[in-house]
Number of protein chains: 2
Amino acid sequence: MIKLIEKSFEIGEYLKNKGVRPSEQRIRIFEYLYINKNHPTVDMIYRELVQKMPCLSKTTVYNTLNIFLKNNVVRQLAIEENEARYDAVIELHGHFKCEKCENIYDFDIEKTNNEYEDLKKYEINEKYILFKGICPSCLKSSK
Amino acid sequence: MIKLIEKSFEIGEYLKNKGVRPSEQRIRIFEYLYINKNHPTVDMIYRELVQKMPCLSKTTVYNTLNIFLKNNVVRQLAIEENEARYDAVIELHGHFKCEKCENIYDFDIEKTNNEYEDLKKYEINEKYILFKGICPSCLKSSK
DNA sequence: GTATCTGCAAAACATTTGCAATTCT
DNA sequence: AGAATTGCAAATGTTTTGCAGATAC
């Protein structure tokens, strides 16, 4: 409990620094993203949080995430084509989606821009890297 | 005109080889993707083709692209989070979206799987690489 | 007290599904 | 004839918008 309050307070500061006013809902939504790191959909966030905040609206989740996006608090991912997913880790990294267990793993990518010959003359601002395949634990269990 | 008929014939063969029966609509949709190489949305394809085929239905465009997907005739891209885009180039390559002119450029990526230390033990089946930034011609005109 | 934030209801899109008519073999 | 294809209309699902009440500064 105290942990949660402490965390809320830190998150509040973080959001303020990003230019977002830290309301209860916004703190909870960021907290969910920050603790779970599961690249959730709007629906996943809503279904979890509405249990503790019964009158939370899905509209608020949408509104909040759009504000977070605009203020660079979260990144929007296109992992599934139909539903947007969100990530509180805004540093450059790649995503790996296991086609079996559906888990999404993060992985490091280099920060050099010169690895791609074709892009020598391009200014690269954002990189979205998504691989699909089979993760080690699913590889093991399928043998 | 002759060119188009010839092209239709080639596309027909290509689709047959992929296990897709080459109807008029399917040929036209593939032809659009193949000629334009513009990673279009369903709506872009529909709006263009309905001019020549007035009773074309958007449902048919959806159906056709889903069949193409299943038979590995096209790749689905998640360049914008809200709308699916399609690409008749199924070979591995990356996409660069210019944030100014909105054009999407293709670029080559290496086929080695060992470039990412974190993924040594993962089986990688598909790679989706999307960069955003400014393309050379927009860089030039902004100076 | 004025701005902002929240949440309901409705609207706006993208996509899929059910089904009847048509087309191909 | 039988199977696949097309396209309309309706349904589904995600996201946005309008607006009234509540909250924060």
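This is a predicted model, so every value here is computed, not measured. Residues take numbers from 1 onward in each chain, read along the sequence in its written order. For this description, chains carry letters from A and ligands carry numbers from 1, given in the order in which they are written. Owing to the predicted nature of the model, reporting of local features is limited to residues with pLDDT of at least 70; listing and counting of side-chain atom pairs is limited to 80 or more, with chain, interface and lining totals taken over all residues. Hydrogens and water molecules were not included; the side-chain quantities draw on all heavy atoms of the structure.

A. Spotlight on the interface of chain A and chain B. Residue contacts are counted whenever heavy atoms from the two residues lie within 4.5 Å of one another. Taken together, the 31 residues of chain A in the interface contact 31 residues of chain B. As a working definition, buried area equals the accessible area (1.4 Å probe) given up by two parts on being put together, with both sides summed. It is Glu-81, Tyr-116 and Phe-131 of chain A that lose the most area in chain A upon contact with chain B, and together they represent 20% of the buried surface on that side. The term salt bridge refers to a pairing of a side-chain nitrogen on Lys or Arg with a carboxyl oxygen on Asp or Glu at a separation within 4 Å. Where chain A packs against chain B, one counts 0 salt bridges. Two N or O atoms count as a polar contact when they lie within 3.5 Å, although within protein this holds only if one can serve as hydrogen donor and the other as acceptor, and sequence-adjacent residues are included solely when both atoms are side-chain atoms. Counting across the interface, chain A meets chain B through 12 residue pairs in polar contact (both at pLDDT 80 or more). Secondary structure elements follow DSSP: runs of H or I no shorter than four residues count as helices, runs of E no shorter than two count as strands, and numbering proceeds from the N terminus. Broken down by secondary-structure element, the contributors of at least two residues to the side of chain A that touches chain B are β4 (104–107), β5 (123–134) and α5 (136–141) of chain A. Per-element accounting of the side of chain A that touches chain B gives the leading share, 12 residues, to β5 of chain A. Residues are sorted three ways: Asp, Glu, Lys and Arg are charged, Ala, Val, Leu, Ile, Met, Phe, Trp, Tyr, Cys and Pro are nonpolar, and all the rest, Gly among them, are polar. Looking at side-chain class alone, the side of chain A that touches chain B contains 17 nonpolar, 3 polar and 11 charged residues. Pairing between strands is defined by DSSP: at least two bridges between them are needed. Bridge count for β5 of chain A against strand β5 (residues 123–134) of chain B is 11 bridges, and the pairing is antiparallel.

B. Region of the structure containing the protein's contact with DNA strand D. Near DNA strand D there are 16 residues, and of these Tyr-62 of chain A together with Ser-23, Arg-26, Ser-57 and Thr-60 of chain B occur at the shortest range. When we say a residue is near a molecule or strand, we mean one of its heavy atoms is within 4 Å of it. Within 4 Å of the protein, the atoms of DNA strand D are drawn from sugar and phosphate moieties in a proportion of 79%. Interatomic distance of 2.7 Å between a side-chain N/O atom of Tyr-62 of chain A and a phosphate oxygen of DNA strand D. Cys-55 of chain B places a polar main-chain atom, nitrogen or oxygen, 3.0 Å from a phosphate oxygen of DNA strand D. Broken down by secondary-structure element, the contributors of at least two residues to the surface near DNA strand D are α4 (58–70) of chain A together with α2 (24–36) and α4 (58–70) of chain B. For the surface near DNA strand D, the element with the most residues is α4 of chain A, which contributes 4 residues. Among the residues forming the surface near DNA strand D, the class breakdown is 4 nonpolar, 9 polar and 3 charged.

Scope: geometric values only; no functional claims are made or implied.
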